[in-house]
Amino acid sequence: MPHRPVLLALASALAIGLVGCASPSNESASPSIDGVGEPAWVQDATVYEVFVPDASAEGTFQGLIGRLDEIQAMGVNTLWLMPIHPIGEKRRKSDIGALGSPYSIQDYYDVNPDYGTKEDFRALVDSVHARDMHIIIDLVANHTAWDHPWLDEHPDMYSDGPINGFTVPVLNGDTTNWTDVVELDFENPRTRQEMIDVMQYWVREFNIDGYRADVAHAVPLDFWENAIDSVEARKEVLMLAEAAGPEMHEVGFDQTYAWPF
């Protein structure tokens, strides 16, 4: 199936769609927040959202490498890759296309074989850095695919519910229609540690520059504070929350969305 050469440009730090931590130049700076290590380059980040299958004719990490010069020439200095992991097969949504939703994560420690290998991904990260650019990836912490191995190995890591004892994500008291994913339980210490291990892994092993946290507001704030501190003990990273509340900045996120604006 041919791929459409589509990438979403979110220029000038996602244009007006993000709120950063910096204070206006005519105001005194806000007090620093313990544990937050904002990289100096964050304030000048021009973020470009990438869905790998649509990013090149090949639809792969290698194909995206071939477009980096073109992307950089537009003034982009930071790539945000939508989830790079294998997509769940069980309960896969068919109404959004054959690929299913990339936010249904089957394995946090692997890459989607349709995109290439881990070495291909490493080559992409290295190629981005060679151009003095940065790269962050989507982190889907709230839920996994129904065929993620954790569901069989550690069912206690998931929220109780009516679907064989589990539930699809619930937001603001309402059950979502995200039928292809199952909600994790962050009241369980194992869930928290496993997710922290995932976050450390991609920074440690591949030297990525941060994460865009999917539905960050659905995950407890104290988890984010501990997780971000643990990652930034190794490297200062860009943390972008898919959330709009100022409290996200207080626990370590550098940028948030500006939905009310």
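Residues numbered from 1 in each chain as written. Predicted model: local features only at pLDDT ≥ 70, side-chain atom pairs only at ≥ 80, totals over all residues. Heavy atoms only, no water.

Asker: Describe the overall build of the protein, and please don't skip the residues or the numbers.
Answerer: Each helix and strand counted, the protein has eight helices and twelve strands in total. Within the span of the protein, comprising 261 residues, buried residues form 53% of the whole. The contacts of the protein with a sequence gap of at least 6 include a subset with a gap of at least 24, amounting to 74%. Of the roughly 11,800 Å² of accessible surface on the protein, 50% is carried by carbon and sulfur atoms. (Helix = DSSP H or I, 4+ residues; strand = E, 2+ residues; numbered from the N terminus. Buried < 20%, exposed > 50% of the residue type's maximum accessible area, 1.4 Å probe, protein only. Contact = heavy atoms within 4.5 Å. Areas by Shrake-Rupley, 256 points an atom, 1.4 Å probe, with all protein chains shown as cover.)

Asker: Explain helix H7 (residues 221-232) to me, and be specific about the residues and the numbers.
Answerer: Along its twelve residues, H7 runs 16 Å from first to last C-alpha, staying within 8% of the 16 Å computed at 1.5 Å per residue. Phe223, Trp224, Ala227, Ile228, Val231 and Glu232 are the residues of H7 that are buried. The buried residues of H7 occupy an angular sector of 145° when projected down its axis, which confines them to one face. (Expected span 1.5 Å × (residues − 1). Arc of directions from axis to C-beta.)

Asker: Kindly report on helix H4 (residues 118-130), identifying the contributing residues and their values.
Answerer: Residues lying three or four places apart along an α-helix face the same way, a consequence of the helix completing one turn every 3.6 residues. End to end, H4 covers 18 Å across 13 residues, agreeing with the expected 18 Å (1.5 Å per residue, within 8%). Buried residues of H4: Asp120, Phe121, Leu124, Val125, Ser127 and Val128, and no others. Buried residues of H4 fall within an arc of 165° about the axis and therefore sit on the same side. In H4, the exposed positions angled more than 90 degrees off the buried face are occupied by Glu119 and Ala130. Residues of H4 that are buried in the fold lie against helix H2 (61-65), helix H3 (68-73), strand E4 (78-81), strand E5 (134-139) and helix H6 (189-206).

Asker: An account of the confidence of the model for the protein is needed here, citing residue identities and associated values.
Answerer: Here the protein averages 88 in pLDDT, and 86% of its residues register 70 or above. Ignoring residues within four places in sequence, the model shows residues 1-17, a span with pLDDT below 50, making 46 contacts including any to other chains. Taken as a whole, residues 21-36 scores under 50 in pLDDT and shows 18 contacts with residues more than four places along the chain or in a different chain. (pLDDT = per-residue confidence, 0-100.)

Asker: Tell me about the side chain of Glu183, residues and numbers included.
Answerer: If you trace the backbone, Glu183 turns up in strand E9 (residues 181-183). In this structure Glu183 is buried but unpaired, with Arg192 as the nearest side chain of opposite charge at 13 Å. Apart from residues no more than four positions distant in its own chain, Glu183 is found in contact with Asn142, His143, Tyr158, Ser159, Thr167, Val168, Pro169 and Val170. (Lys, Arg positive; Asp, Glu negative; His and termini not counted. Salt bridge = Lys/Arg side-chain N within 4 Å of Asp/Glu carboxyl O.)

Asker: Please provide a residue-by-residue account of unusual backbone geometry, values included.
Answerer: Here the phi dihedral of Arg91 falls at roughly 60°; this positive angle occurs in a residue that is not glycine. Structurally, Arg91 is set in the loop between E4 and H4. Of note, the phi angle at Asn207 is positive, near 60°, even though the residue is not glycine. Assignment of secondary structure puts Asn207 in the loop between H6 and strand E10 (210-213). In this structure Asn207 comes out as partly exposed when scored by relative accessible area, which is 36%.

Asker: Just give me the short version of the pattern of salt bridges, but keep the residues and values in it.
Answerer: Counting across every chain of the model gives ten salt bridges. A salt bridge links Asp138 to Arg212; its shortest N-O distance comes to 2.8 Å. Here Asp138, found in strand E5, pairs with Arg212, found in strand E10; they are 74 residues apart in sequence, far enough to count as distant. Comparing Asp138 with Arg212, the two get one shared label, buried. Through salt bridges with shared partners, one network takes in Asp138, Arg212, Asp214 and Glu242.

Asker: Kindly report on the nonpolar core, identifying the contributing residues and their values.
Answerer: Counting residues in hydrophobic clusters, the biggest one holds 65 residues, and the most contacted among them are Leu79, Leu81, Phe121, Trp202 and Trp224. Counting residues per element, this core draws most heavily on H6, which supplies eight residues. When sequence neighbours within four positions are dropped, the list of residues in contact with Leu81 reads Val50, Val52, Phe61, Leu64, Phe121, Leu124, Ile135, Ile136, Ile137 and Asp138. (Core = buried A, V, L, I, M, F, W, Y, C linked by side-chain atoms within 4.5 Å.)

Asker: Explain the environment of Trp146 to me, and be specific about the residues and the numbers.
Answerer: Here Trp146 is to be found in the loop between strand E6 (143-145) and helix H5 (149-153). Overall, Trp146 belongs to the buried group, its relative accessible area being 4%. Spatially, the C-alpha atoms of Trp146 and Val181 are 5.7 Å apart, while their sequence positions differ by 35 residues. Residues within four places of Trp146 in sequence aside, it is in contact with Lys90, Arg91, Leu151, Ile163, Phe166, Val168, Thr179, Asp180, Val181 and Val182. Engagement of the side chain of Trp146 in a polar contact is seen with the backbone oxygen of Thr179, the distance being 3.1 Å. At 3.2 Å, the side chain of Trp146 forms a polar contact with the backbone oxygen of Val181. (Polar contact = N/O pair within 3.5 Å; in protein donor to acceptor, adjacent residues only side chain to side chain.)

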